[in-house]
Amino acid sequence: MHSFIRGAGWGIGLYLCGTTVVSAQAQDNAEFLAQCPVRAPLFQLDELKPIRNLSTDAIGVRANQADIDSETSIASFTGNVEVQFNDQFLLTEQATVNQATGNINASGATQFTDGYVQVASENFRLNSGENRAYLSGAQYQLIDNGAHGTAELLAIAQEQVLLTGSTFTTCPTDNPAWQLSAEEISISEDEAWGEAWHAKFELFGVPVLYVPYLNFPINDERKTGFLFPTIRSSQKNGFEFEIPYYINIAPNQDATITPRYMAERGLQMQAEYRVLTDDGYGQLNLAYLNDDNSLETEESRYLWRVEHAQNWNQNWRSYINALDISDDDYLNDFGSDFAGRADAQLYRHARIDYLSDNVEVMLRAEDFELLGNYRSPYRTMPQIVTQAHWQGPRMLSYGVFSELTHFQNQEDSRDYASRLHVEPQVSLALEKPAYDWLTELRYSYTYYDQTASDSGLSENPSRGLPQFRMRGRLNLEREFNWDNTNYRQTLQPQIQYLYVPYRDQSDIGIYDSTLMQDDYRGLFRARRFSGLDRIADANQVTIGASTSVYNDSARELMRFSVGQIYYFDDSEVNLFDEASQVSDDRSDVAFETRFRLGQRWFINGAVQYDLEQENTRKSQTAVEYRVNESNLVQLSHRQVTNILNDDIEQLGLQTVYQVNSKWQLATNWYYDLQQKRTNDALLALQYNDCCWAVRVSAYRRINRNLELQQFDPMAGEPEFDNGVSIQFIIKGLGSDNGNLLELIEQSLFGYRHPFYLSN
């Protein structure tokens with residue numbers, strides 16, 4: 001279930017030739033308390049001694065001396081005077097109480113609290129009829145969050161504090177880094193929001209901004225109002241200014257409208273709508289620029305995105321996620337929270353699912369958009385997938401997989417195809433603690449109705465293929481002691497035989513098939529290609545083993561896996577060329593390793609090694625030292641050979657390091673070892689305390705231009721974009737928590753967890 005967390009308020013951000021960055025870092029409780037200690041109360045509440053059995057609206061008084069005038073009904077009290085009226089307490093040296101009206105007056109130094117605010121003032125007056133207290137020359141502090149300030153006149157009513165000639169800050173120090181000074185400030189206890197009229201925003205005692213009116217949060221509750229504005233400048237967009245306006249529609253609905261002015265491009269409007277229900281959630285995002293002044297064309301540039309998930313009942317659910325942009329360079333020029341600058345494609349899909357004990361049905365529509373000058377992919381409009389399965393006698397089980405799909409070329413309406421696929425299966429499964437065995441027999445029948453405009457394609461080809469697979473695994477383990485510590489080691493050797501006869505499939509178009517990754521798990525797949533347009537012939541045995549070591553808390557400390565396929569016959573089925581065929585007698589050896597050294601060190605690696613050529617085909621390795629989200633260092637290496645007749649080898653370094661409670665450092669660096677150049681680099685330094693933060697960052701990245709000049713990463717030197725960003729953050733006027741890990745995730749090559757390098 002999703003949740004909404006967004007506060008409204010005002011702030012200042014200054015940017016110079018840089019990217020948009022967000023908020024100061026979030027810290028754990030121990031670091032936060034060390035950096036921002038809780039402000040001491042104006043006076044100790046535990047010293048208050050409530051008068052017992054005092055009825056509602058009655059005034060109770062303790063004092064050293066009391067003098068009651070029977071004619072005027074005015075009682076005078078002196079010496080350690082304590083006055084109690086409902087939940088309000090007054091401490092002073094001299095006070096008078098009008099017994100007829102219930103009004104209270106006190107002169108001299110007074111201390112007052114109502115459980116929400118503490119006030120130290122020069123005098124005090126309570127109008128019991130209005131239930132409103134007035135204090136002049138006041139110093140106040142909110143009890144729950146420590147916000148404090150001064151006021152020439154402070155009026156306290158039920159669930160409201162009104163300050164005249166006042167200041168406000170959430171900094172716990174007596175000399176705050178920032179504060180609001182206003183003619184009038186109103187703080188609402190029930191809504192946890194404040195309003196200020198004719199306010200000056202002061203930094204280190206210097207007024208820097210005048211605002212006729214603003215509202216600001218006292219805690220994390222949401223309310224309609226302006227969010228932090230952003231002021232920045234960049235080489236591409238020039239001077240930029242954006243100010244989000246947040247609309248709290250309902251407890252489960254909100255919206256944000258953000259005008260974004262770019263001097264070099266024009267005015268872009270952005271909008272977001274979110275809804276949250278008990279059984280689902282939805283979000284709609286829009287961005288529109290009518291005319292980009294930096295381009296010769298007058299076409300509009302836009303982005304829209306919709307996401308919605310709903311559980312209709314126990315059996316039915318739906319999901320939609322769609323993103324569209326006006327041109328291939330939109331992400332590079334404007335950025336987005338929903339796609340990275342390095343993304344090569346956009347994926348859109350919508351589906352409706354029906355789930356029961358034995359049957360699963362999915363109705364889906366899919367659409368891929370490749371960014372750049374590439375072959376247009378096919379849409380699936382629509383696709384119906386059904387899976388039925390039943391448990392037979394003893395160890396037998398039965399199932400039927402079927403699919404009906406219609407494909408449509410995105411750019412050519414005359415290029416389409418419909419595919420019907422039916423695949424019954426029967427399997428025999430034996431599972432024991434020490435071993436398991438699976439024998440599986442399938443028969444796949446596929447029928448096509450396709451346009452035959454391309455040479456060699458048939459209008460109505462069909463294909464029938466049996467498939468036989470056997471897989472067996474042993475589950476071995478042993479206990480051992482090393483360095484006076486108990487461990488458990490597991491060993492799982494496995495073997496699989498797969499047979500699929502050859503069928504000529506060259507008269508079938510390729511609509512959704514591609515070659516899948518040959519990692520350790522991939523060696524034991526039943527098919528080499530995704531989709532159903534190509535089913536590779538196979539007569540092969542796969543042998544592999546995986547071993548792991550666990551501590552006495554069942555935490556995995558080490559895993560090592562190795563496997564290889566042995567081919568009895570060449571696999572003749574290919575995709576677009578013969579490179580996807582199998583002509584060797586064995587596959588690359590696939591290795592995978594994973595280590596956890598203590599609580600903070602992680603090592604993960606995967607290698608595909610060609611024994612015939614004695615070289616590494618693919619590899620990826622990451623070493624990470626990780627304490628928490630504010631402290632990590634990751635060094636990674638990736639290598640792929642023979643991609644577009646070239647090799648790729650890349651070294652990466654990513655760091656987020658909390659130097660101390662106030663300083664944080666972040667780096668993001670990717671170096672191309674083949675081209676001998678830096679493709680993406682970022683260095684950021686942030687100073688952060690409980691009142692304000694400043695972040696300085698510099699970046700260098702490849703300037704991708706897919707629309708106007710197709711960029712080939714293998715040909716020549718690309719164009720680079722360099723910039724420096726400076727951001728000043730005011731804390732306490734809105735939700736502004738985050739950390740520098742979010743900043744490096746927004747770069748061209750974002751942070752990846754060492755366990756999931758392929759994501």
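None of these values were measured; they are calculated from a predicted model.

A complete count under the given rule lists 33 salt bridges for this structure. Arginine 442 is the partner of glutamate 440 in a salt bridge, and the nearest nitrogen-oxygen pair spans 3.1 Å. The residue glutamate 440 makes a salt bridge to arginine 469 at a minimum N-O spacing of 3.4 Å. Linking glutamate 440 in strand β28 (residues 435–450) with arginine 469 in strand β29 (residues 462–474), this pair joins segments that are 29 residues apart in sequence. One network of salt bridges, with partners in common, ties together Arg265, Asp292, Arg301, Asp327 and Asp333.

Going through the model one piece at a time under the given rule, you end up with one disulfide. At a sulfur-sulfur separation of 2.1 Å, the disulfide partner of cysteine 171 is cysteine 691. Placement of the pair is cysteine 171 in the loop between β10 (160–168) and β11 (178–188) and cysteine 691 in the loop between β40 (677–688) and β41 (692–702), with a sequence separation of 520 residues. For the pair cysteine 171 and cysteine 691, a shared accessibility class is recorded, and that class is buried.

Along the chain, threonine 386 turns up in strand β25 (residues 378–391). When its relative accessible area of 22% is taken as the criterion, threonine 386 is described as partly exposed. A sequence separation of 33 residues divides threonine 386 from aspartate 353, and the C-alpha atoms of the two residues are 9.9 Å apart. With residues up to four places along the chain from it excluded, the contact list for threonine 386 reads Val359, Glu360, Val361, Val400, Phe401 and Ser402.

Looking now at the side chain of glutamine 118. Relative to the helices and strands, glutamine 118 resides in strand β7 (residues 117–127). The buried category is assigned to glutamine 118, whose relative accessible area is 2%. A polar contact of 2.9 Å, which involves the side chain of glutamine 118, links it to the backbone nitrogen of leucine 42. The contacts of glutamine 118, once residues within four sequence positions are left out, are Pro41, Leu42, Phe43, Leu45, Phe112, Thr113, Gln139, Tyr140, Gln141 and Ile143.

We now examine unusual backbone geometry. A cis amide bond links methionine 381 to the next residue, proline 382, at an omega of 0°. Examined against the element boundaries, proline 382 turns out to sit in strand β25. One non-glycine residue with positive phi stands out, namely phenylalanine 204, at about 55°. Along the chain, phenylalanine 204 turns up in the loop between β12 (193–203) and β13 (206–217). Despite not being glycine, aspartate 483 has its phi angle at roughly 55°, a positive value. Examined against the element boundaries, aspartate 483 turns out to sit in the loop between β30 (476–482) and β31 (485–500).

Time to look at the confidence of the model for the protein. Across the protein, the average pLDDT comes to 83, with 87% of residues at or above 70. Low confidence marks residues 1–34, where pLDDT is under 50. Its contacts with residues over four positions away, or in another chain, come to 141 contacts. Note that residues 708–715 has pLDDT below 50 and, in this model, 17 contacts with residues that lie over four places away or in other chains.

What counts and how
Residues numbered from 1 in each chain as written. Predicted model: local features only at pLDDT ≥ 70, side-chain atom pairs only at ≥ 80, totals over all residues. Heavy atoms only, no water. Salt bridge = Lys/Arg side-chain N within 4 Å of Asp/Glu carboxyl O. Helix = DSSP H or I, 4+ residues; strand = E, 2+ residues; numbered from the N terminus. Disulfide = S-S within 2.5 Å. Buried < 20%, exposed > 50% of the residue type's maximum accessible area, 1.4 Å probe, protein only. Contact = heavy atoms within 4.5 Å. Polar contact = N/O pair within 3.5 Å; in protein donor to acceptor, adjacent residues only side chain to side chain. pLDDT = per-residue confidence, 0-100.

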